[in-house]
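Chain and residue survey
Below, each chain spelled out in residue letters.
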Amino acid sequence: MKNKPPRSRHSRWTILLAIVTAVVGIGISLHVRARIAQTETITAKLTAETLRLNTERELNLFAEVLESVRALHALSDAVNQEAMNEFIEKGLIHQHAVLGAFGLTQRISHRHRLQIESSDQTGPGIYTVVQQGPGDTWIPTGPRKIYYPLTWQNKAEALGVPIGFDFTSTPEARRIVQRIEQTKKTSLVPVPLKMGTSTSYWVFAPVINNSAPPLFNQVLGLAVAAIEPDAILQKVSASSTSEADLQLKLLSENIETGGTIRRTVNSWLYRHPLHAIDTQW
């Protein structure tokens with residue numbers, strides 16, 4: 001007759017097996033959850049990164065298209081507004097669609113300003129150099145060595161300023177133009193404009209005298225447009241299959257670190273600096 005194992009020993013093995021099974025089950029469950037969370041994070045990051053790159057592309061496209069209209073600088077004094085409007089409508093459809101309103105400025109000295117304003121003639125190239133005054137008025141710009149007045153725009157009052165408006169009449173814009181004269185790079189003025197309900201900023205693309213030796217290339221003027229970050233984000237959203245709340249803001253200082261992503265209650269929050277139009281966003 002064989003001895004049967006004690007019931008207590010059998011019970012202990014049953015309990016131990018149940019515990020091991022539970023631990024393995026919990027481990028597998030935690031591993032699966034971790035893999036799912038990791039996959040969700042990677043997917044969310046890839047989606048956010050695509051949106052960031054598309055935003056950067058749209059900003060750079062705006063700058064590139066603005067640079068493409070600089071050649072009009074040679075014609076702006078010789079062609080009247082009506083003829084230029086017809087040329088814009090028939091020959092610069094893409095530029096008009098991307099930029100909306102844009103114009104050209106001319107770099108002039110104080111002596112040149114006096115010659116322009118003292119002329120009794122009328123027509124292209126004849127204007128008064130002005131700046132923003134109290135309220136919605138325009139007043140003569142104070143005397144300086146150099147001015148950058150608006151000489152032409154693709155539609156009358158398209159930029160919200162008159163012909164002759166000096167784009168260096170504000171300290172911040174003057175600082176950016178002085179930097180452009182050194183770098184020869186298209187740049188944005190980081191001061192919001194009072195145009196409509198959306199926030200917008202001036203963008204300046206330098207017109208360079210390419211006929212001079214490189215060391216003596218001077219900025220002859222600027223191609224000017226107003227960029228609306230909200231409009232850029234609308235284009236990015238329209239071309240994306242994902243739903244996202246996009247925000248684009250200027251940074252007060254350069255940030256060298258990469259992006260961050262974290263899970264909130266019902267969504268992912270992704271932040272990443274990008275550099276476009278000689279500005280960090």
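See the structure above.
If you're wondering where the values come from, they're calculated on a predicted model, not measured in any experiment. (Residues numbered from 1 in each chain as written. Predicted model: local features only at pLDDT ≥ 70, side-chain atom pairs only at ≥ 80, totals over all residues. Heavy atoms only, no water.)

Below, the discussion takes up the packing of aromatic side chains. Going through the model one piece at a time under the given rule, you end up with five aromatic pairs. Connected via pairs of aromatic rings, a cluster forms that spans Trp138, Phe165, Phe167, Trp202 and Phe204. (Phe/Tyr/Trp six-rings, centres within 6.5 Å; stacked < 30°, edge-to-face > 60°.)

With that out of the way, let us pick up the sheet that holds strand E7 (residues 187–188). Ordered in space as E6-E1-E9-E8-E7, the five strands form an open sheet in which the pairing is antiparallel. The strands lining the two open edges of the sheet, one partner per strand, are strand E6 (150–153) and E7. Sheet analysis places strand E8 (residues 201–208) next to strand E9 (residues 219–227), joined by eight bridges and oriented antiparallel. Bridge pairing in E9 places Ala205 opposite Ala223. (Pairing = 2+ DSSP bridges. Helix = DSSP H or I, 4+ residues; strand = E, 2+ residues; numbered from the N terminus.)

Here Arg52 shows up in helix H1 (residues 7–68). Ignoring sequence-local partners within four residues, the contact set of Arg52 consists of Tyr270, His272, Pro273 and Leu274. (Contact = heavy atoms within 4.5 Å.)

In this structure, Leu59, Leu66, Leu99, Ile227 and Ile277 are the most contacted members of the largest nonpolar core, which totals 27 residues. Secondary structure elements with two or more residues in this core: H1, helix H3 (93–99), strand E1 (102–106), E8, E9 and helix H6 (229–238). Element by element, the count of residues in this core is highest for H1, at five residues. Among residues more than four places away in sequence, those in contact with Leu66 are Leu99, Val203, Phe204, Ala205, Ala223, Val224 and Ala225. Of all hydrophobic cores here, the second largest spans 19 residues; its members include Val130, Ile180, Phe204 and Leu222. (Core = buried A, V, L, I, M, F, W, Y, C linked by side-chain atoms within 4.5 Å. Buried < 20%, exposed > 50% of the residue type's maximum accessible area, 1.4 Å probe, protein only.)

Further remarks concern the pattern of salt bridges. Applying the stated criterion to the full structure yields seven salt bridges. The residue Arg52 makes a salt bridge to Glu49 at a minimum N-O spacing of 2.6 Å. Here Arg52 and its partner Glu49 are both found in helix H1, three residues apart, which amounts to about one turn of the helix. The exposure class of Glu49 is partly exposed, given its relative accessible area of 23%. Here Arg179 makes a salt bridge to Asp278, at a shortest N to O gap of 3.1 Å. (Salt bridge = Lys/Arg side-chain N within 4 Å of Asp/Glu carboxyl O.)

Attention shifts here to the environment of Glu58. Tracing the chain through its elements places Glu58 in helix H1. Expressed as a C-alpha distance, the spacing of Glu58 and Ile232, which sit 174 residues apart in the sequence, is 6.5 Å. Non-local contacts of Glu58, meaning those with residues more than four positions away in its chain, are made with Ile232, Lys235 and Val236.

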